[in-house]
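# Inside the fold
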2 protein chains.
Amino acid sequence: MSISADTLRGHTDTIILAQLMRGDNYGYEINKNIQQLTQGEYGLKEATLYTAFKRLEQGGLIASYWGDDGPGARRRYYAITDEGRKRWAESRQEWENTRALLDALINVEEV
Amino acid sequence: MSISADTLRGHTDTIILAQLMRGDNYGYEINKNIQQLTQGEYGLKEATLYTAFKRLEQGGLIASYWGDDGPGARRRYYAITDEGRKRWAESRQEWENTRALLDALINVEEV
DNA sequence: ACGAGATACCTCGCCTGTCAAGGTATTTTA
DNA sequence: TAAAATACCTTGACAGGCGAGGTATCTCGT
């Protein structure tokens, strides 16, 4: 986890939505996927993760149900809603914009 | 100001340092430069701006002095320190990394 | 001469997202 | 059968952003 979380603040929800775009999944696994995708450089803290799930569900962007199939402890699965899909698309677009802005703001043209 | 500030949270200090890399400047002007660079899409709120200056100065990344030359009210100028330059270079590098991570996390490979 | 508006700085208190710490329950494995 | 892994959840503290409000100076039109 070499990335300071504060620079990713505000993107947590989008990251989770993106994972759920690939299909229903449960918290632990989602977080493992995130860690894999970033070669272990980034992962959500559990408190952050579950806070985000709660927030997203209350906002109607995801829905949850209990699944008890697999090994290990019981799992709460999450599914992205239509509204969630819409939000993801928007956030993705916004990210493109933010990225361009920060590129312009953080770099200094050579003197 | 169409960009939600939370997606830029954590980058405020770096943005300010980048502006000061171009030379000494004062708060109001720095913020105007930022707005210009982003075609008015982004600007720091004053409270955010001055909070950041305080934080940066206390951290030894910038230094300030009063200048009374120009028109309008008195101005407090800021100069980036050696430590500030170092920090900017680090943050810039970290941004490259963060950008790559978010690209990987927010986009979903097609099914 | 003077009031409006621009310039410029600053503080207080609220809100929100992150996370360390602590807790519960189940299953696998040595 | 105890340890470790899996999996979920809550509480309280903390930090950064910012709305709202405030101060002081200068310019410009009338």
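So, here's what we can say about the structure.

Basis of the calculations
- Residues numbered from 1 in each chain as written.
- Chains lettered and ligands numbered in written order.
- Predicted model: local features only at pLDDT ≥ 70, side-chain atom pairs only at ≥ 80, totals over all residues.
- Heavy atoms only, no water.
- Pairing = 2+ DSSP bridges.
- Helix = DSSP H or I, 4+ residues; strand = E, 2+ residues; numbered from the N terminus.
- Contact = heavy atoms within 4.5 Å.
- Axes fitted to C-alpha atoms, helices over the stretch in contact; angles between N-to-C directions.
- Near = heavy atom within 4 Å.
- Polar contact = N/O pair within 3.5 Å; in protein donor to acceptor, adjacent residues only side chain to side chain.
- Buried area = accessible area lost by both parts, 1.4 Å probe.
- Salt bridge = Lys/Arg side-chain N within 4 Å of Asp/Glu carboxyl O.
- Nonpolar A, V, L, I, M, F, W, Y, C, P; charged D, E, K, R; others polar.

This next bit is on the sheet that holds strand 3 (residues 75-80) of chain B. Residue and element names in this part refer to chain B. With antiparallel pairing, the 3 strands of this open sheet are ordered in space as 1-3-2. Each edge of the open sheet is held by one strand with a lone partner, namely strand 1 (25-26) and strand 2 (62-67). Looking at chain direction, strand 2 and strand 3 are connected through 6 bridges and run antiparallel. Following the sheet pairing, Ala63 is matched in strand 3 by Ala79. Helix 3 (residues 46-58) rests against strand 2 and strand 3 of the sheet, and its axis sits at about 120° to strand 2.

All right, on to the protein's contact with DNA strand C then. In the vicinity of DNA strand C, 27 residues are found, and the nearest of them are Ala5, Arg9 and Thr12 of chain A together with Arg75 and Arg76 of chain B. Here DNA strand C approaches the protein such that, of its atoms within 4 Å, sugar and phosphate make up 70%. Contact between DNA strand C and Thr12 of chain A: a phosphate oxygen at 2.5 Å from a side-chain N or O atom of the residue. Contact between DNA strand C and Tyr50 of chain B: a phosphate oxygen at 3.1 Å from a side-chain N or O atom of the residue.

Here the focus is the interface of chain A and chain B. Each partner contributes to the interface: chain A provides 35 residues, whereas chain B provides 35 residues. When chain A packs against chain B, the two sides together hide about 3,600 Å² of surface, and 62% of this comes from carbon and sulfur. Of all residues in chain A, Trp95, Leu105 and Ile106 of chain A give up the largest surface area on contact with chain B, accounting jointly for 20% of the area buried on that side. On inspection of chain A and its partner chain B, the count reaches 2 salt bridges. Salt-bridge contacts for Asp103 of chain B lead to Arg99 of chain A; the nearest nitrogen and oxygen are separated by 2.7 Å. Linking chain A with chain B are 12 residue pairs in polar contact (both at pLDDT 80 or more), by the criterion used here. Where the side of chain A that touches chain B is concerned, the elements lending two or more residues are helix 1 (12-20), helix 2 (27-37) and helix 4 (82-106) of chain A. Here the side of chain A that touches chain B is built from residues that sort into 16 nonpolar, 10 polar and 9 charged.

We now examine the sheet that holds strand 3 (residues 75-80) of chain A. Pairing in this open sheet of 3 strands is antiparallel, and the strands run 1-3-2 (chain A) from one edge to the other. If you trace the sheet from one side to the other, it starts and ends with strand 1 (25-26) and strand 2 (62-67) of chain A, each paired once.

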